[in-house]
Amino acid sequence: MSKVHVTTTVNGDQAEFLCEPRETLLDCLRDKLHLTGSKEGCGTGDCGACSVTVDDRLVCSCLMLGVEAEGKEIKTIEGMADGENLRPLQAKFIEHAALQCGVCTPGILVASEALLKKNPDPTEEELRYWLAGNLCRCTGYDKIIRAVMDAAAEMRETS
Amino acid sequence: MALDNKNNEFKVIGSTPNRPDGLDKVTGRARFGADISVPGMLHGAVVRSPHAHAKIVKIDASKALAMKGVKAVITRADFPEGLEGEDWNLQENAMAGEKALYDGHAVAAVAATSPLAARDAAKLIEVEYEVLLHVTDVDEAMKDGAPAIREGAADYSVPEGLHPNVVRFFDTGMGDLDKGFAEADLVVERSYTTEAAHQGYIEPHACLGQMGADGRGELWCCTQGHWFIRRMSTAVLGVETTNIRVTPSEIGGGFGGKTTITIEPLSLALSRKAGGAPVKMVMNRGEVLRATGPTSSASMDIKMGMTKDGKITAAHGTFRMQGGAFPGAPVDVTTMLAFANYTIENVHHIGYDVITNRPKQAAYRAPGAPMAAFAVESTVDEMCRTLGLDPIETRLKNASRDGTRSTFGPKFGPVGLVESLEAARDHANYKMPLGPNQGRGVASGYWMNWGGETSASVAMSEDGTVTVSVGTPDIGGSRASMALMAAEAFGIAYENVRVNISDTGALGVNEPTHGSRATYASGLATIKAAEECITKMCKRAADKWGIDADAVIWEDGSAKPSGPNAGEFDPLSIGEICAEMGETGGPISGHYEGSPTGFSGSFGTHVVDVEIDPETGHTTVLRYLVVQDAGKAIHPAYVEGQFQGGAAQGIGWALNEEYIYGEDGRLQNPVFLDYRIPVASDLPMIDTVIVEVPNPGHPYGVRGVGETGITPPLPALANAIADATGLRMRGLPMTPPKILAALKAQKNG
Amino acid sequence: MVEINLWSGLRRFADGKDKVEVSGKTVGEILDDLVARYPGMAPVIKAGVSISVDGEIIPTGRREPVKEDSEVFLLQRLKGG
């Protein structure tokens, strides 16, 4: 099968890859660009472990084709921290023990960051419904919710 | 190794520092099973049976092999013959032989140059089946006329006259049941069912295997226990155990499901056949749900007797459990622990391990305990309601405690059930007023915990910092716990300890991170190995000072003379001793190996408030409290995390999760949309209280905490629903349609 | 002699008794003597048991000491998730 040449922007840098039209954006990020921070937990858009933003919109990268990334601006977990400085969400996840195995963590961080951009002061209920598409099997969500609420408060103070 | 009572004023343990692997895990750098790639790597895919039970007539791989990029195809013919017992079971489960035994059973596998090529090639492998009658329900599988899945699978324990699908039989108990029931004012007999639930780890199984024609190679995989994977994979492939070195990746959840093999031996066999090229295999979610082990489903009968004032006089339980197409349903544990919360003189358990056309069950958090807890704790709750007794006071009256005889035989040592019940009773949640359609449920649970084969090393670095090497993969923050315990033992800062999870080439055999054993057993091993280092460092100081090693003590990270008689010397710090170790005798390290037996079980009590929507039958969990005995919480935040995670899994099992099989014996819900685990909006905050009744068998008093937490939620939810509605739900999951139907039936009288 | 408490399903392999007397000073020795006296117990021990000595559960070890007055129970082999 002939491959398509895709030019896109990933975490601020230009990126190019060749992919078959049926390959997902997640596969392209992981296998072609070697950005393995986004995870495949289900491949059906139910678990959110592959969450990335495309032109600032939160998407499951397992539900988008690699060829659809042409000309778009993609952000993944690898682009979240500013050099050695973690984003408040990342620091709060460590501080609050909001991860156990850590495999859902990249997706939850990307999804939470996208929420706080739209709504810097979410209620607990708003946050729980926003994150309802990001499965975590280890934590029961308690510490995740606390970490995001705490990060949101800190971000409001410093902005 | 006994509890060190002198050491009850801890300096480091009990604090909550950031975990050492936190940075890697919030930046996407941490490498999980599917994140590992090597040059020259091929990709594997598996052909799976679409039938629940079928004879494999013919496998034709010629079209696949003709495809460009396809390097190898394997079937059962590529595995050695003549295996016995559990090794045969593992081999048969990894790759079907004469018959496919369940929907999703592997029948062939292929390796190709890309994941897409491998998947395309798998579709070209033609398998001819002769479909056989199937059975997926445990009660049906025991009936006359049910298809026999494998004749001769039963072991010594099964009495004559039972269906060949009954493969193990259990009969345990003590006392005089007739006498016990005669003493009761109330005798209740009820039946219950629970469906199979999957561990639901978010990371599917993944591995990268490489093996040459000489049978030697490497395996990288996500697992709870790489020595188990090594032993099982090599047994299935008929090569010597040491020939494969297994390195664990980070693991994206396991909960028991990653203590056994699935695709690992397939990747090695494909690699060998492809001339030794490494083969990467990654399951998709459908494969995980169809072909890796969920827990057992259960059908249970409980009979219990109680006096008017709440004393349990007798208990009898019959537990029928299916664990898929192979022996191994955890009925053995069920028939030990079903009534373990209580002191009961007259008690009896009967258990049946039954095979069906379902995937081979795997351990799932406190395997065998939650289903029994659902049946027993629901029955106790019903009796309390009938007799007008408080559920916590009644449990306190009968509670297992130090010195009481357990319902499985031995006497308990110090355990924390009474303390957990009292803390639950005194918690604000237990006093919160309830509104209309709301109810409160209480239940307790127990897990025995585990020691297991353990090997660990501690090595000193030149600057006095410390490397701890353990063989138990870190699933929930155990690197932090090990570092805390090592720092405590040495009297140094937490940051000065680095914890490695070693591969199978670096340590002796380690059992997996299972049985709630990692913090207990690897922790004990770390402390022991650290103490060996301390002894050696004291000797170096003694040599330098020219005094007896006995006259040197270790305090706050330094060697010091034990008193004025030993001599006047300035303390030698860990850094000073290690800086000179090359000249004073060479490297300093300590080691521990053993199967520690001082583990002790953890009791917990949960209190849940729910609201039932009378229009939809939907259950909203309003508030949730977990109280559990940790012995000593090394890193309290991760102890709470275990409590909360266990509760959430139990809530899912109680309310939503189930394996749904169609008439055709195929799994109807092999996606997360339909196999619905709790999401953030399903749950409230999960309140926790850590009870600490020190375990005398660990130097710092640690008990494992991982498993107990999944046990009480099943009955606690059922009891809360009964409190809210007057309905006693005896089958899990308690989904909205089931509750709605029960509400309607109740209304219509 | 040491008294071993058997689970009730094992009575049929031990002449109907739920407690049997065996000799030995370690877990391994008493298990070996149990099989010597009651050969029907061989598959049980081979399939794997845990043993509790005075409340301490010994999953696999054969070298742990047993005293004459120790309280000993045979238990199912355990494993966890």
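Because the structure is a prediction, the values reported are computed rather than measured.

### Focus on the UniProt feature "domain: Aldehyde oxidase/xanthine dehydrogenase a/b hammerhead" (unreviewed entry) in chain B
Feature annotation in UniProt places "domain: Aldehyde oxidase/xanthine dehydrogenase a/b hammerhead" (unreviewed entry) on residues 27-133 of chain B, given in this structure's numbering. Within residues 27-133 of chain B, the helical portion is 24% and the strand portion 32%, while the C-alpha atoms at the span's ends are 51 Å from each other.

### Some thoughts on the packing of helix H14 (residues 478-490) of chain B against helix H15 (residues 518-545) of chain B
All names here are of chain B. Taken N-terminus to C-terminus, the directions of H14 and H15 make an angle of 30°; their axes are 9 Å apart at the nearest point. Judged by the sense of rotation from one axis to the other, the crossing of H14 with H15 is right-handed. Residue-level contacts link Ser 478, Ser 481, Met 482, Met 485, Ala 486, Ala 489 and Phe 490 of H14 to Ala 518, Thr 519, Ser 522, Gly 523, Thr 526, Ile 527, Ala 530, Glu 531 and Ile 534 of H15. Residues that form the contact of H14 with H15 fall into these classes: nine nonpolar, six polar and one charged.

### As for the interface of chain B and chain A
Counting residues at the interface gives 43 residues for chain B and 44 residues for chain A. Residue assignment for the side of chain B that touches chain A shows that the elements contributing at least two residues are helix H1 (22-27) and helix H18 (636-655) of chain B. Among the elements that take part in the side of chain B that touches chain A, H18(B) stands out by supplying seven residues, more than any other. The class makeup of the residues in the side of chain B that touches chain A is 22 nonpolar, 15 polar and six charged.

### Notes on the sheet that holds strand S2 (residues 19-22) of chain C
Residues and elements named next belong to chain C. Ordered by their spatial adjacency, five strands build an open sheet running S2-S1-S5-S3-S4, and the pairing between neighbours is mixed. Looking along the sheet, the strands with just one partner apiece sit at the ends: S2 and strand S4 (56-58). Averaged over all neighbouring strand pairs, the angle between strand axes comes to 30°, with direction disregarded. Pairing between strand S3 (residues 49-53) and strand S5 (residues 72-76): five bridges, direction antiparallel. Across the sheet, the residue bridging to Ile 51 is Leu 74, located in S5.

### A look at the arrangement of the chains
In this assembly two pairs of chains touch, with chains A and B having more contacts than any other pair. One thing to see here is that chain A and chain C don't touch, and their nearest C-alpha atoms sit 14 Å from each other.

About the thresholds
- Residues numbered from 1 in each chain as written.
- Chains lettered and ligands numbered in written order.
- Predicted model: local features only at pLDDT ≥ 70, side-chain atom pairs only at ≥ 80, totals over all residues.
- UniProt positions renumbered as here; feature names shortened; annotations may be inferred.
- Helix = DSSP H or I, 4+ residues; strand = E, 2+ residues; numbered from the N terminus.
- Axes fitted to C-alpha atoms, helices over the stretch in contact; angles between N-to-C directions.
- Left-handed = near helix turned anticlockwise from the far one by under 90°.
- Contact = placed C-beta atoms within 7 Å.
- Nonpolar A, V, L, I, M, F, W, Y, C, P; charged D, E, K, R; others polar.
- Pairing = 2+ DSSP bridges.

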